[in-house]
Amino acid sequence: MARRRTAADGFSLIELLAVLVVIAVLAVVLLRQAVWYQERAERAAMESTIAVLRSALQMQVAGRIAAGRDAQLSALATENPMNWLARKPKSYAGAYEPAGAPHVPAGRWYFDVADRQLVYRPRHRRYLTASDRGEMTELRFRTVLDVGPGRGHGGVDGVGEMDIRVVRAYSWAEDAD
């Protein structure tokens, strides 16, 4: 007669392996999603910094117009946008010539003095691609300011478009595979 299995007998090796395989599959799926969410969070923080800089640009333009310093408006396009902030973000590494830029760690901003561009070095790049499908190791932004007669809008003559624009279009953590 066959012996009945009791709780004291425990699990068979096959049952234990099946449980371990299920746990391993779940861990891989969860880790992949965690990486995607990390990149989404990093992207949100980066875009938040750009939004703050856009507001700072508008404040700089308004301040110079209010002070009657219209002639100084075009200089904004070449200035370091981080200097417009009362307090620079902790992730800002400083202004660098191209030779010093490779030493800026991932997850940090820096200002490229030669190109007059603000650069972000992403920490996570698994879901970051250029619109031309190339690899991206950094995201570059430049200040766009259209200044001159006949370019005004909103009642301000002399200032047209003002923005902080990405230099090379990208897609980042928008769709998980």
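Predicted, not measured: the structure shown is a model, and the values here were computed from it.

Student: Could you clarify how one ought to interpret the overall build of the protein chain in this entry?
Tutor: For the protein chain, the helix and strand inventory stands at 1 helix and 7 strands. Each helix and strand of the protein chain, placed in order from N terminus to C terminus, yields the pattern α-β-β-β-β-β-β-β. Taking all 177 residues of the protein chain together, 31% fall into the buried category. Considering only intrachain contacts with a sequence separation of at least 6, the fraction spanning at least 24 residues in the protein chain is 52%.

Student: Whenever I open this one, helix α1 (residues 13–66) confuses me. Can you help?
Tutor: Side chains that are three or four residues apart share a direction in an α-helix, a result of its 3.6 residues per turn. Taking 1.5 Å per residue, 54 residues should reach 80 Å; α1 reaches 79 Å between its end C-alpha atoms and fits that length. Among the residues making up α1, those that are buried are Trp-36, Glu-39, Glu-42, Arg-43, Met-46, Thr-49, Ile-50, Leu-53, Ala-56, Leu-57, Val-61 and Arg-64. Against the buried residues of α1 lie β2 (108–112), β3 (117–121), β4 (128–130), β5 (139–147), β6 (159–166) and β7 (170–172). Remark: Gly-68 follows α1 within two positions and exhibits a positive phi of approximately 75°.

Student: How should the sheet that holds β6 be read in this particular structure?
Tutor: Within a beta sheet, neighbouring strands are joined by backbone hydrogen bonds and run either parallel or antiparallel to one another. Reading across from one edge, β1-β2-β3-β5-β6 is the order of the 5 strands in this open sheet, with mixed pairing throughout. A single partner strand is all that each edge strand has here, and the edge strands are β1 (92–96) and β6. Sheet twist, expressed as the average angle between the axes of neighbouring strands with direction ignored, equals 20°. Of the strands in this sheet, β2, β3, β5 and β6 are in contact with α1, which crosses β6 at around 155°.

The rules behind the values
Every chain is numbered on its own, with residues counted from 1 as its sequence reads. Side-chain atom pairs in this predicted model are given and counted only at pLDDT of 80 or more, local residue features only at pLDDT of at least 70, and totals for whole chains, interfaces and linings cover all residues. The side-chain figures draw on all heavy atoms in the structure; neither hydrogens nor water molecules are used. Helix and strand assignments follow DSSP, with helices taken as H or I runs no shorter than four residues and strands as E runs no shorter than two, numbered in order from the N terminus. Think of it in three bands: residues with accessible area under 20% of the maximum for their type are buried, residues over 50% are exposed, and the middle band is partly exposed, with areas taken using a 1.4 Å probe on protein chains only. Throughout, a residue-residue contact means that at least one pair of heavy atoms, one from each residue, lies within 4.5 Å. One less than the number of residues in a helix, times 1.5 Å, gives the span that helix is expected to have. Two strands make a pair as long as DSSP finds a minimum of two bridges between them. Here, axes are lines fitted to C-alpha atoms. For helices the fit covers the stretch in contact, and angles between N-to-C directions go from 0 to 180 degrees.

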